[in-house]
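Next come the chains, spelled out residue by residue.
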Amino acid sequence: MKNEYSHVKEMESEPEHTPGPWTWYWRQTDGEADCSIVSEQYPGNACCVARCPRYQKQEQWRADAPLLSAAPELLAMLKQFLDYVEDTVIDYPDSFLADMHTDAKKIIAKAEGRIV
């Protein structure tokens, strides 16, 4: 019998994504756009987290980039939520928070690359 988390593989250690905060920019030179999400851990020392295809329109990038650059903070907040509601979920397993708790665990597993 498969359990609820059979689609989730175990990891030996905490995932090591590029630390936040992440910022984004759109720069256009010579008719070509450079769209990037970057992490600047030290002033003047930025590393590229993601680059967007050159065919993407600026309006679409301006809509997507803030969401992408918020990923580290969203992940951290979701983990805090899980810690905060843990006792409530144990005491009230049929509550709407229990469903949210389960969904949050799946989303975190996806963000950390533990979904197979």
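Whatever comes next refers back to the structure up there.
Here we summarise the structure given alongside this text. (Residues numbered from 1 in each chain as written. Predicted model: local features only at pLDDT ≥ 70, side-chain atom pairs only at ≥ 80, totals over all residues. Heavy atoms only, no water.)

## Describing the pairing of strand β1 (residues 22-29)
So, step 1. Pairing geometry for β1 and strand β2 (residues 32-42), over eight bridges, is antiparallel. Along β2, the bridge assignment pairs Arg27 with Asp34.
So, step 2. In sequence, β1 turns back onto β2 through a hairpin of two residues, with Asp30 there showing a positive phi of about 50°. (Pairing = 2+ DSSP bridges. Helix = DSSP H or I, 4+ residues; strand = E, 2+ residues; numbered from the N terminus.)

## Remarks on the sheet that holds β1
So, step 1. The strand order β1-β2-β3 describes an open sheet built from three strands, whose pairing is antiparallel. Two strands bound the open sheet, and with one partner strand each, they are β1 and β3 (45-51). For this sheet, the mean angle separating the axes of adjacent strands, direction not counted, is 40°.
So, step 2. Pairing analysis gives six bridges linking β2 to β3, with the strands arranged antiparallel. Among the inter-strand pairings, Tyr42 is bridged to a residue of β3, identified as Asn45.
So, step 3. In this fold helix α1 (residues 58-69) packs onto β1 and β2, with an angle of close to 160° to the strand it touches most, β1. (Axes fitted to C-alpha atoms, helices over the stretch in contact; angles between N-to-C directions. Contact = heavy atoms within 4.5 Å.)

## Points about the state of the cysteines
Put plainly, two cysteines are in a disulfide when a covalent bond ties their sulfur atoms together.
So, step 1. By the definition in use, this model includes zero disulfides.
So, step 2. Sulfur of Cys48: no disulfide; nearest cysteine sulfur belongs to Cys47 and is 7.7 Å away. (Disulfide = S-S within 2.5 Å.)

## With respect to the packing of aromatic side chains
So, step 1. Per the stated rule, a full pass over the model turns up one aromatic pair.
So, step 2. Here Trp24 and Trp61 contribute two aromatic rings whose centre-to-centre distance is 6.5 Å and whose plane-to-plane angle is 80°, an arrangement assigned as edge-to-face. Taken together, the residues Trp24 in strand β1 and Trp61 in helix α1 connect sequence positions 37 residues apart.
So, step 3. Given a relative accessible area of 27%, Trp24 falls into the partly exposed group. (Phe/Tyr/Trp six-rings, centres within 6.5 Å; stacked < 30°, edge-to-face > 60°. Buried < 20%, exposed > 50% of the residue type's maximum accessible area, 1.4 Å probe, protein only.)

## Focus on the layout of surface pockets
So, step 1. The volume enclosed by the largest pocket comes to roughly 210 Å³.
So, step 2. In terms of lining residues, the largest pocket is bounded by twelve residues, among which Ala71, Leu75, Ile107, Ala111 and Glu112 are the most central.
So, step 3. For the lining of the largest pocket, the elements supplying multiple residues, two or more each, are α2 (71-91) and α3 (96-111).
So, step 4. In terms of residues, the lining of the largest pocket owes the most to one element, α2, which gives five residues.
So, step 5. Its residues assigned to classes, the lining of the largest pocket comprises nine nonpolar, one polar and two charged. (1 Å grid on protein atoms, 1.4 Å probe; cavity = no way out; pocket = protein on both sides within 12 Å on 5 of 7 lines; lining within 4 Å. Points joined across faces, edges and corners; volume = space filled by probe spheres on them. Nonpolar A, V, L, I, M, F, W, Y, C, P; charged D, E, K, R; others polar.)

## Some words on α2
Each α-helix winds once per 3.6 residues, and so residues spaced three or four apart point in a common direction.
So, step 1. Spanning 21 residues, α2 covers 31 Å between terminal C-alpha atoms, matching the ideal 30 Å at 1.5 Å per step.
So, step 2. Of all the bends found along α2, the most pronounced is centred on Val85 and spans about 50°.
So, step 3. Among all positions of α2, only Pro72, Leu75, Leu82, Val85 and Val89 are buried.
So, step 4. Where the residues of α2 are buried, they touch β1, α1 and α3. (Expected span 1.5 Å × (residues − 1). Bend = angle between axes of the 7 residues up to and from the residue.)

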